Amino acid sequence: MASKTPVKLTPFHADLAGALSLRAEKILAATDLAEEVAALEPLEAYYIVKEVGMDQALPILSEMDHEQLQACIDLDCWNRYDFSVDGLDQWLAAFAQAGPEELASAFLSLDYVVQLLFLARTVTVYDPDTDQIPGENEDKVIPRAMTPDGTYLLELKTDLVLKVHPFTLLDAMYQYEPVETHRLLSEVRVELPMQIEEEALRFRNGRMEDLGFAPPEEAARLFSRPAARKEPAADLHLKPIDSAVTRIPTVYARPLSETTLLQQALSLVVDQESLLRLEQEIVWVINSAIIAYGEKTGEIREITTIAERVRDTISLGLESLLVKEEPDSGMDDTGAAARALELLNFWGVADMFRHGFAATRSLKQEVQKALREPLFEAWYALPENEQSDDPGDRQARAFVTALLGRHPMRGGFDLANPDTVRAFASLADINVARIRLKRLV
């Protein structure tokens, strides 16, 4: 007779279960919505809103505090170094559904420099008493309006198609915060947009680091060569222990819940402080990989894919080091996970990723060497209109293309979608790829 005693979760599995329970639908249905939202870390709040969609997430948005909302804007409204007016407009449109007071309150809760930047990019501010105002163009009417207090003349910047008209936003702001709105427009009138954007970017980069996102130049270090010998990785534990992120977001937890060498190793951790450090390092590496791969944080499907790549590459790094240290050891024996955990604690998660990525470099070198063979090069270089329609040929090309990428990937394995790529997750994956390449050549 089967026992009904519940199986006690390991600390890592308990953390994953907690992360996976943070579903938007559950939060929206909660009787204490404000408390549920207040308990969310900024990164969690952002991904929950993106998963459910802003149109459906208004109750959650309305309960967000300044830090949570600002994190959403920082993550979703910048493309590397460029601020997206359209991106912020999407968020403002969600608040506008709740009325002018909610719209004004949300905008004014953002970082002051972000407010300045949005207004500077959408309106030109004139003082009718002192500024030389251009005459109106008869061929193209540019919308203008006086502020409710009669102080400034506003002119809409050209070629803007926004869901929330800037004049509508300013009307709402004047209605509920006239003094603050007047001060904003006074600064927009005299400050240079370039200087405003530079300052906004500087503050945004600082907040992104607090969320565990490294600057692009530091994120790119993930793909640098790892140390040749075992050395304490003091600089590779990086900054996660000081991060504002103390939990794994749901969108990262799903891939980490699958059975891999990384998951098996983390399941052995019993010390909560050690587990927190490792989890924060994993979040940091995933965040850095998002930046390094050039993905936008708003694309949930792509973010999940990056989390899967990180999981698999770390597992590959663990296996490659285990085999290097003990060539005859198997990955299926009970001691493999324990030895993998020792490696994680000693090297750090970021360096395990580097070791995994390094294990794929030889494949790229082999395919580059293969392309020096005239027949193989001629086959791969065929123009698209001369290529075979045979599905196997398409898979073979996708396989080679994936290996030649900036970051070598495993491709050409899906007959229906040959261009689908995944990270190499084990030494067996690499051996299969090496055999396949030899057969092709």
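Up top is the structure these notes are about.
None of these values were measured; they are calculated from a predicted model.

A.B. asks: Explain the overall build of the protein residue by residue, including any values.
C.D. replies: When you go through the protein residue by residue, the secondary structure sums to 22 helices and 7 strands. With the C-alpha coordinates of the protein rotated into their principal frame, the extents come out at 85 × 65 × 45 Å. When burial is assessed residue by residue, the protein has 47% of its 441 residues classed as buried. In the protein, 72% of the contacts between residues at least 6 apart in sequence involve partners at least 24 apart. Entry remark: accessible area of the protein is about 21800 Å², with carbon and sulfur atoms responsible for 51%. For the protein, the centre of its 44 positive side-chain charges and the centre of its 73 negative side-chain charges are spaced 9 Å apart.

A.B. asks: I'd like a description of the sheet that holds strand β5 (residues 153-156), backed by residues and values.
C.D. replies: As summarised here, the arrangement of the 3 strands in space is β3-β5-β4, forming an open sheet in which the pairing is antiparallel. Both outer strands of the open sheet, β3 (123-126) and β4 (144-146), are each paired with one neighbouring strand and no more. Pairwise comparison of adjacent strand axes, ignoring direction, gives a mean angle of 25° for this sheet. Both β4 and β5 contribute to a ladder of 3 bridges, which runs antiparallel.

A.B. asks: Help me get a handle on the layout of surface pockets, residues and values and all.
C.D. replies: Taken as a whole, the largest pocket holds about 370 Å³ of empty space. Taken together, 20 residues line the largest pocket, and the ones lying closest to its centre are R80, R204, M208, P216 and I291. Broken down by secondary-structure element, the contributors of at least two residues to the lining of the largest pocket are β1 (78-79), α12 (193-210), α13 (216-219) and α16 (272-292). With 4 residues, the top contributor of residues to the lining of the largest pocket is α12. Its residues placed into classes, the lining of the largest pocket shows 10 nonpolar, 4 polar and 6 charged.

A.B. asks: Please provide a residue-by-residue account of the pattern of salt bridges, values included.
C.D. replies: Within this structure, the stated rule accounts for 17 salt bridges. The shortest N-O distance in the salt bridge between D74 and R207 comes to 2.6 Å. Of this pair, D74 sits in helix α6 (residues 66-76) while R207 is found in helix α12, placing the two residues 133 residues apart along the sequence. Between R397 and D393 there is a salt bridge; the shortest N-O distance is 3.0 Å. Pair noted here: R397 and D393 are both in helix α21 (residues 391-404), with a separation of 4 residues, about one helical turn. Residue classification places D393 among the buried residues on the basis of a relative accessible area of 14%. Here the residues in one salt-bridge network are D74, D111 and R207, joined through shared partners.

A.B. asks: Would you mind going over the side chain of T250 in detail, with residue names and values included?
C.D. replies: Its place among the elements puts T250 in helix α14 (residues 250-256). Judged by its relative accessible area of 6%, T250 falls in the buried class. A polar atom in the side chain of T250 sits 2.5 Å from the backbone oxygen of A19. Look past the residues within four positions of T250 in its chain and what remains in contact with it is A19, L20, L22, R23 and E51.

A.B. asks: Got a sec to walk through the packing of aromatic side chains? Specific residues and values, please.
C.D. replies: By the definition in use, this model includes 10 aromatic pairs. Cluster of aromatic residues (ring-pair linked, three or more members): Y46, Y47, W91 and Y252. Positioned over the ring face of F203 is R202, at 4.8 Å from the centre of the ring. Residue placement shows R410 over the ring face of F413; its charged tip is 5.1 Å from the ring centre.

A.B. asks: Residue-level account of the state of the cysteines, with values.
C.D. replies: Counted under the stated rule, the structure contains 0 disulfides. Lacking any disulfide linkage, C72 is separated from the closest cysteine sulfur, that of C77, by 9.0 Å.

What counts, and at which threshold
Counting from 1, residues in each chain are numbered in the order their sequence is written. A pLDDT threshold of at least 70 governs which residues receive local features in this predicted model, and a stricter bar of 80 or more applies before side-chain atom pairs are shown or counted, although totals over entire chains, interfaces and linings include all residues. As a convention, hydrogens and water are excluded, and side-chain values are obtained from all of the structure's heavy atoms. Where helices and strands are cited, they refer to DSSP runs of H or I of at least four residues and of E of at least two residues respectively, numbered from the N terminus. The buried label goes to any residue with under 20% of its type's maximum accessible area, the exposed label to any with over 50%, and the partly exposed label to all in between, with areas taken from a 1.4 Å probe on protein chains only. Contact definition: two residues touch when any of their heavy atoms are within 4.5 Å. Here, Shrake-Rupley sampling with a 1.4 Å probe gives the accessible areas, and only protein chains in the shown set may cover a residue. In summary, the charge assignment counts Lys and Arg as positive and Asp and Glu as negative, without counting His or the chain termini. Think of each charge as sitting on NZ of Lys, CZ of Arg, CG of Asp or CD of Glu. Should DSSP find at least two bridges between two strands, the strands are regarded as paired. Inter-axis angles, ranging from 0 to 180 degrees, are taken between N-to-C directions of lines fitted to C-alpha atoms, where helices are fitted over the stretch in contact. A pocket, in this scheme, is an open set of points on a 1 Å grid over the protein atoms alone with protein on both sides within 12 Å along at least 5 of 7 lines, while a cavity is a set where a 1.4 Å probe fits but cannot get out; residues line either one if an atom lies within 4 Å of a point. Grid points are joined across faces, edges and corners, and a volume is the space filled by probe spheres set on the points. Residue type decides the class: Asp, Glu, Lys and Arg count as charged, Ala, Val, Leu, Ile, Met, Phe, Trp, Tyr, Cys and Pro as nonpolar, and the leftover types, Gly among them, as polar. Salt-bridge detection follows one rule: a side-chain nitrogen of Lys or Arg within 4 Å of a carboxyl oxygen of Asp or Glu. Polar contacts, as counted here, are pairs of nitrogen or oxygen atoms within 3.5 Å of one another; within protein the pair requires one atom able to donate a hydrogen and one able to accept it, and residues that are adjacent in sequence qualify only if both atoms are side-chain atoms. Paired rings are identified among Phe, Tyr and Trp, the last through its six-membered ring, by centres lying within 6.5 Å, and are further divided according to the angle between planes into stacked (under 30 degrees), edge-to-face (over 60) and tilted (the rest). Placement of a charge over a ring requires the Lys NZ or Arg CZ to be within 6 Å of the ring centre, with the centre-to-atom vector within 35 degrees of the ring normal. Cysteine sulfur atoms that come within 2.5 Å of each other are treated as a disulfide pair.

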